[in-house]
Structure formats: C-alpha cells, structure tokens
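Commentary on secondary and tertiary structure
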Amino acid sequence: MDIDQAKIPQATAKRLPLYYRFLENLHASGKHRVSSSELSEAVKVDSATIRRDFSYFGALGKKGYGYNVNYLLSFFRKTLDQDEVTKVTLVGVGNLGTALMNYNFSKNNSTRIEMAFDVAEDKVGKKIGSVPIYHLDEFKERVANEVEVAILTVPANAAQQIADQLVAGGIKGILNFTPARLTVPDDVRVHHIDLSVELQSLIYFLRHYPI
Ligand code: ATP
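Residues numbered from 1 in each chain as written. Predicted model: local features only at pLDDT ≥ 70, side-chain atom pairs only at ≥ 80, totals over all residues. Heavy atoms only, no water.

Our next topic: a nonpolar patch on the surface. A cluster of nonpolar side chains, contributed by Leu199, Leu202, Ile203 and Leu206, occupies part of the molecular surface with about 380 Å² of accessible area. Within the fold, Ile203 resides in helix α8 (residues 195-208). Residue class for Ile203 comes out partly exposed when judged on its relative accessible area of 34%. (Patch = residues over 30% accessible without salt bridge, like charges linked within 9 Å, V, L, I, M, F, W, Y side chains within 5 Å. Areas by Shrake-Rupley, 256 points an atom, 1.4 Å probe, with all protein chains shown as cover. Salt bridge = Lys/Arg side-chain N within 4 Å of Asp/Glu carboxyl O. Helix = DSSP H or I, 4+ residues; strand = E, 2+ residues; numbered from the N terminus. Buried < 20%, exposed > 50% of the residue type's maximum accessible area, 1.4 Å probe, protein only.)

All chains considered together, the criterion is met by seven salt bridges. Close ionic contact of Glu38 with Lys31 constitutes a salt bridge, the shortest N to O distance being 2.7 Å. Taking the relative accessible area as the measure of exposure, Glu38 reaches 35% and is therefore partly exposed. The salt bridge involving Glu138 is made with Arg142; its shortest N-O contact spans 2.9 Å. Among the residues examined, Glu138 registers a relative accessible area of 25% and is labelled partly exposed.

Turning our eyes to something else, we now look at the packing of aromatic side chains. Summed over the entire model, instances satisfying the criterion amount to 11 aromatic pairs. Judged by centre distance (4.8 Å) and plane angle (70°), the ring pair of Phe54 and Tyr67 falls under edge-to-face. In this pair, Phe54 sits in helix α3 (residues 47-55) while Tyr67 sits in strand β3 (residues 66-68), placing the two residues 13 residues apart along the sequence. The same class applies to Phe54 and to Tyr67, which are both buried. Through successive ring pairs, a cluster of aromatic residues spans Tyr19, Phe54, Tyr67, Phe75 and Phe76. (Phe/Tyr/Trp six-rings, centres within 6.5 Å; stacked < 30°, edge-to-face > 60°.)

This is the structure we're talking about:
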C-alpha cells in the first residue's frame, strides 16, 4: 500500500514509533491479532484516536475483529523506514551522553549511534562500546553529510554554539537533551527532551491533579 506521508498529521506520526514498539512486543510473544482497545490500554492512547490514526493508513483492520499484528508490523516498518539503518551521532560524552552510548538503542536495530564528539582530552580518541569519540573540530569531515541526526548532551551554555556547528556540518535533526532552547534554520528540526522539566512536571501533576 502506498501512503502519502505528507497526509499523515504530525500528531499521528509522533505516535507511530509507540505503536511500532508495542506491536514488536506482541509479535515476539506470538500474538497474531490485537484490538484497538487492547492497543489503547497498552500504549495509553484512547481507542478513538488509534482508530483515527490507523484510518490514515487505509483499511488495516476490520471492525470487531482486531488488527493483524504481522501486517501492521510490516506496514509500520516500511512507513518508519525501519528497514534502513539511520546513522546518529552524539555530541557531549558526559554522564548522560555516556549512558545513551551504552544504551545505544540496542532493542531497535534501525537507529545506531555511529560516532561521538567531545572536546575533553581524556575522552577524545577513546571508545564507548564500539563507538569512537572524536574531537568536535573534526565534526564536518567525519560526518561528511552521511549523518543527519545528532543527540546533544553538552552543557547548556555551549549548546547553541555547538548546534550551529552541527547544522553547518549537515545535521537536519537534533535531539536536544540540554535545557537550552536552540535557534536553528527552518529546514532543521529540534526535538527537546529536558529531563528535569519532565520530572518536575510529573511531581507537580502528582501533587495537584491526583488521579
Ligand atoms: P562529566 O561528568 O563527564 O564532566 P557531565 O555529565 O557532568 O560530564 P557536562 O559538564 O554537562 O556533563 O558535559 C557534558 C560533556 O560535554 C562533557 O563530556 C564535556 O567534555 C562536553 N563538552 C563541554 N563543552 C563542550 C564543547 N564546547 N563541545 C563539545 N563537548 C563539550
């Protein structure tokens, strides 16, 4: 089935990896069918939203019968380009950067941190797992327009300047773990993950909006 990616709303597109991960787990446990209410319970998205999301992909399921797990899985794999490995780089091999490099998305073999950059003498030239750490000065020549995505785990006060350097090196997507708000050209996408804000907001909700 050919799907016009441009027609999938951004909010739906953002949920695709969530669906995909859950379907992979279902598949691994040998399940062949899943209903939208089961899916809803597992991924915590209401079932009307799931049905609407899935409607953008054409007829993937029959009412009352559930969705075919294998079919959905291969559909999502194609849509999310899971058959192609996306090379990712990481800049800032501190505590958080090191943790992410060790994790290295091993459950998801379509994204991999291929190389990392830092400026600290005691880090440059070393490896974490099999991932080499280079000096940031070598960024442009090392990525050579082959890497489009960068994870940013540097100190906040260096983030903007480094983001500029990443963009100059051809990076089109930045996963920003620093608290800094980055300014980038229109054709570059930044997703921001501020762990302390997330934690504070969870605590605030727990206190003020008890379930
Ligand atoms: P560490 O405990 O290793 O010092 P940390 O987790 O406390 O790190 P930060 O001080 O935020 O974290 O630094 C994160 C990483 O970013 C460090 O490895 C540091 O060397 C690196 N870093 C700092 N400034 C720059 C820069 N201008 N360019 C690239 N990397 C940088």
